[in-house]
Amino acid sequence: MAMSTQPARLRKMIGEKRMIVAPGAFDALSARLIEQAGFSALYVTGAGVASSRLGVPDIGLTTMTEMLDAARNIVNAVGIPVICDMDTGYGNALNLMRAVREFEAAGAAALQIEDQVTPKRCGHTEGKQLIEKAEMIQKIRAFQEARRSRDLVLIARTDAIAVEGFENAVERARAYVEAGADVLFVEAPKTIEEMKCIVELLPDVPLLVNMVDGGKTPMLPARELEAMGFKIAIYPTTAWTAAIKAMQRVLGRLKETGDAAAFHEDRVSFETMFEIVGRSQYQRLEKKFLRM
């Protein structure tokens, strides 16, 4: 499917009854695995990209160009809509406008921006600071002016629960949707009651919920989140932390035994490894174009 159709495709999915479950991809390989597992959309996790690309925590060290390059590779690797974490837009409203145009050109279906100061922090850690509500509203308006397609989805995130309290977070969320946000993301509710209140207090706009393993928000099954009223559930850390655990396990066994053949059952085969990234497709292209 052409990249230009993906924002429209995602908008159609948001308008349907079923909730979108979007695991987090941190590189093109994890994105392909998400698609091959049968998911209809994925989320490019800023924390995962910072970890896998730079080996650093999610504290705003990743630049726009580094995140954009990761997002472009992920979009090119899959045929499902890609939701991109764009942090704060990498600066003020003008910086955000450039970022929107770059990520849209890369084929993103949706962009998530948040109301933290630059540099930001992971939404489930301490020490977050917010920009003024009025500045975030201007950023949302700048997003609308910058995007070339009206189908490109704007996800506006507020981290205000941890900084200003639950009531102010809901007030900010209302202001953001009035300014033009397509989807609201109230980050890090701490209880099931707060999650239910978000849905009850913001009934007229699609809502995103963030399922972070070990984070501040209760981990609930997707069917419960859907019944609660959320439209998108992202799982930014699930594949990423599973990959870390698996690598730690096999590397530990290799260090201990010095014999990789002794635990081959913990790894995919050589053939499977290449087929995951489309080796047979490239072999067909070789036969078609390279053999005279």
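Residues numbered from 1 in each chain as written. Predicted model: local features only at pLDDT ≥ 70, side-chain atom pairs only at ≥ 80, totals over all residues. Heavy atoms only, no water.

### Focus: the pairing of strand E7 (residues 207-210)
Both faces of the sheet carry side chains from a regular strand, because those side chains alternate between them.
So, point 1. Along E7, one buried face is formed by Leu207 and Val209 and the opposite face, lined by Leu208 and Asn210, is buried too.
So, point 2. Following the backbone out of strand E6 (residues 183-186), through helix H9 (residues 192-201) and into the adjacent parallel E7, one traces a crossover that is right-handed.
So, point 3. Where E7 and strand E8 (residues 232-235) come together, three bridges link them in parallel fashion. Bridging from a neighbouring strand, leucine 208 pairs with isoleucine 232 of E8.
So, point 4. This β-α-β element, E7 to helix H10 (residues 222-228) to E8, shows right-handed connectivity. (Buried < 20%, exposed > 50% of the residue type's maximum accessible area, 1.4 Å probe, protein only. Helix = DSSP H or I, 4+ residues; strand = E, 2+ residues; numbered from the N terminus. Right-handed = clockwise from strand over helix to strand, strands pointing away. Pairing = 2+ DSSP bridges.)

### Description of the nonpolar core
So, point 1. Core analysis: the biggest nonpolar cluster contains 67 residues, and Leu42, Phe103, Leu225 and Phe230 have the highest contact counts within it.
So, point 2. Ranked by residues supplied to this core, first place goes to helix H4 (residues 64-77) with eight residues.
So, point 3. Setting aside residues no more than four positions away along its own chain, phenylalanine 230 makes contact with Met19, Met195, Ile198, Val199, Leu207, Leu208, Val209 and Leu225.
So, point 4. In terms of nonpolar packing, the next biggest core, distinct from the first, is built from 17 residues, Leu10, Ile20, Ala109 and Ala110 among them. (Core = buried A, V, L, I, M, F, W, Y, C linked by side-chain atoms within 4.5 Å. Contact = heavy atoms within 4.5 Å.)

### Observations regarding the packing of aromatic side chains
So, point 1. Within the structure shown, the criterion is met by two aromatic pairs.
So, point 2. With centroids separated by 6.4 Å and ring planes inclined at 5 degrees, the aromatic side chains of tyrosine 90 and phenylalanine 103 adopt a geometry described as stacked. With tyrosine 90 in the loop between strand E3 (82-85) and helix H5 (93-105) and phenylalanine 103 in helix H5, this residue pair connects regions lying 13 residues apart in the sequence. Across the pair, phenylalanine 103 and tyrosine 90 agree in class, each one buried.
So, point 3. When the ring of phenylalanine 270 is compared with that of phenylalanine 274, the centres are 5.0 Å apart and the planes differ by 65 degrees; the resulting orientation is edge-to-face. In this pair, phenylalanine 270 and phenylalanine 274 both sit in helix H12 (residues 270-276), four residues apart, roughly one turn of the helix.
So, point 4. For phenylalanine 270, a relative accessible area of 55% gives the class exposed.
So, point 5. Here the basic side chain of arginine 279 rests over the ring of phenylalanine 274, its NZ or CZ set 5.9 Å away from the ring centre. (Phe/Tyr/Trp six-rings, centres within 6.5 Å; stacked < 30°, edge-to-face > 60°. Lys NZ or Arg CZ within 6 Å of the ring centre and 35° of its normal.)

### A look at a nonpolar patch on the surface
So, point 1. Taken together, Leu29, Leu33, Val268, Phe270, Met273, Phe274 and Val277 make up a surface patch of nonpolar side chains, about 620 Å² in accessible area.
So, point 2. It is H12 that contributes the most residues to the nonpolar patch, three residues altogether.
So, point 3. By the secondary structure assignment, methionine 273 is in helix H12. (Patch = residues over 30% accessible without salt bridge, like charges linked within 9 Å, V, L, I, M, F, W, Y side chains within 5 Å. Areas by Shrake-Rupley, 256 points an atom, 1.4 Å probe, with all protein chains shown as cover. Salt bridge = Lys/Arg side-chain N within 4 Å of Asp/Glu carboxyl O.)

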